[in-house]
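As a plain string of letters, each chain reads:
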Amino acid sequence: MHVIREPMPGVKLLALEPRRDPRGWFARAFCRRRLAELGVDLAVEQANMSASERRRTLRGLHYQLDPSAETKLVTCPSGALHDVVLDLRPHSPTYRRHAAFELSAANGRMVVVPPGCAHGFLTLPEDALAFYFVSAAYAPELERGVRWDDPAFAIPWPERPAIVSERDRSHPDFDPARHLAA
């Protein structure tokens, strides 16, 4: 794998390097050593899958606070996602800015979401599957969320979401005292 671009510190869009033959192709989707060479320290604690049957399903924007802040390595093995990373690290030069990527089965791209960043996605076709490696176990008491349409960030989405969970719809407007404190 190699880095295509790094729009924010620690946020990396990666491309697989498939080896093709008459059967199709093979690519290594996870290699701790190669990720370390690319500046990603990812000791995997969990591997999660998220299947969405309907297009325009929105999930996120989610993150966890320290000491359970997560690094995520996200890909889309089926369908396509409009994937968004929002920088919530107060001392980062890109604090409160976002980066968006299309992840799909066709392009084989992956995105690294560093600790301190919120992550979410909108499904583009029906039957989209997100798969991601996570560096920390789920800690509900440290989980936080930012609403997809929070005016503090004005994230442009390619389409208006059709399906959003009650939990994701009900996140309050961004307030660092609430969103960034344990």
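Attention in this report is confined to the structure presented alongside it.

The rules behind each value
Along each chain, residue indices are assigned from 1 in the same order as the chain's sequence is written. This being a predicted model, a pLDDT of at least 70 is required before a residue's local features are given, and a value of 80 or more before pairs of side-chain atoms are given or counted; all residues contribute to the totals for chains, interfaces and linings. Side-chain figures throughout are based on the complete set of non-hydrogen atoms in the structure, without hydrogens or water. Pairing between strands is defined by DSSP: at least two bridges between the two strands are required. Here a helix means four or more residues in a row that DSSP labels H or I, a strand means two or more in a row labelled E, and each is numbered from the N terminus. The axes are straight lines fitted to the C-alpha atoms, using for helices just the contacting stretch, and the angles between their N-to-C directions are given from 0 to 180°. The cut-offs for exposure are 20% and 50% of the maximum accessible area for each residue type, with area from a 1.4 Å probe on protein chains only; residues under the lower value are buried, those over the upper are exposed, and the others partly exposed. Aromatic rings from Phe, Tyr and Trp, taking only the six-membered ring of Trp, are treated as a pair when their centres fall within 6.5 Å; an angle between ring planes under 30 degrees marks them as stacked, one over 60 as edge-to-face, and anything in between as tilted. Throughout this description, a polar contact denotes any pair of N or O atoms lying within 3.5 Å of each other; where both atoms belong to protein, one of them has to be capable of donating a hydrogen while the other can accept it, and for residues adjacent in sequence the pair is counted only when both atoms sit in side chains. Throughout, a contact is declared for two residues whenever any of their heavy atoms are within 4.5 Å.

Quick word on the sheet that holds strand E10 (residues 109-113)
Okay, so step 1: Taken together, the six strands give an open sheet; going across it, the order is E1-E2-E10-E7-E12-E5, and neighbouring strands pair in antiparallel fashion. With one partner strand each, in any of the chains shown, strand E1 (2-8) and strand E5 (46-52) form the two edges of the open sheet. The mean angle between the axes of side-by-side strands here comes to 20°, regardless of whether they run parallel or antiparallel.
Okay, so step 2: Where E5 meets strand E12 (residues 128-134), seven bridges bridge the pair, whose relative direction is antiparallel. Of the residues in E12, the one forming a bridge with Ala-47 is Phe-133.

Digging into the pairing of E10
Okay, so step 1: For E10, the tally of buried residues reaches four of five residues, placing the bulk of the element in the interior.
Okay, so step 2: Pairing of strand E2 (residues 11-15) with E10, which is carried by four bridges, proceeds in the antiparallel orientation. For Leu-14, the partnering residue across the bridge sits in E10 and is Met-110.
Okay, so step 3: Of the strand pairs in this sheet, strand E7 (residues 72-78) and E10 are connected by four bridges, and their pairing is antiparallel. Note on E10: the bridge partner recorded for Thr-75 is Met-110.

Looking at unusual backbone geometry
Okay, so step 1: Of the consecutive residues Gly-60 and Leu-61, the connecting peptide bond is found in the cis state with omega at 10°.
Okay, so step 2: Structurally, the position occupied by Leu-61 is in strand E6 (residues 57-64).
Okay, so step 3: Residue Asp-66 is joined to Pro-67 through a cis peptide bond whose omega torsion reads 5°.
Okay, so step 4: Inspection of the secondary structure assignment puts Pro-67 in the loop between E6 and E7.

So, the packing of aromatic side chains
Okay, so step 1: Inspection of the entire model under this criterion finds three aromatic pairs.
Okay, so step 2: Taken together, a centroid distance of 4.9 Å and an interplanar angle of 40° make the contact between Phe-30 and Phe-133 tilted. Residue Phe-30 is located in the loop between strand E4 (24-26) and helix H1 (32-37), and its partner Phe-133 is located in strand E12; the two are separated by 103 residues in the primary sequence.
Okay, so step 3: With a relative accessible area of 26%, Phe-30 lands in the partly exposed category.
Okay, so step 4: For the ring pair Phe-131 and Phe-133, a centre distance of 5.2 Å and an interplane angle of 90° mean the geometry is edge-to-face.
Okay, so step 5: Its relative accessible area of 22% is what places Phe-131 among the partly exposed residues.
Okay, so step 6: Taken together, the ring pairs in this structure connect Phe-30, Phe-131 and Phe-133 into an aromatic cluster.

Brief notes about the environment of Ala-154
Okay, so step 1: Residue placement: Ala-154 occurs in the loop between strand E13 (143-145) and strand E14 (163-164).
Okay, so step 2: Look at Ala-154 and you get exposed, because its relative accessible area is 59%.

Describing the side chain of His-171
Okay, so step 1: Note on placement: His-171 falls in the loop between helix H2 (166-169) and helix H3 (176-179).
Okay, so step 2: Only 3.5 Å separates the side chain of His-171 from the side chain of Asp-168, close enough to count as a polar contact.
Okay, so step 3: Apart from the residues lying within four places of it in its own chain, the contact partners of His-171 are Gly-145, Val-146 and Arg-147.

Section: the side chain of Lys-72
Okay, so step 1: As for its position among the elements, Lys-72 is in strand E7.
Okay, so step 2: With relative accessibility at 8%, the residue Lys-72 sits in the buried group.
Okay, so step 3: Filtering out sequence-adjacent residues up to four positions away, Lys-72 remains in contact with His-62, Val-111, Val-112, Val-113, His-119, Tyr-132, Phe-133 and Val-134.

None of this, on its own, says anything about what the molecule does.
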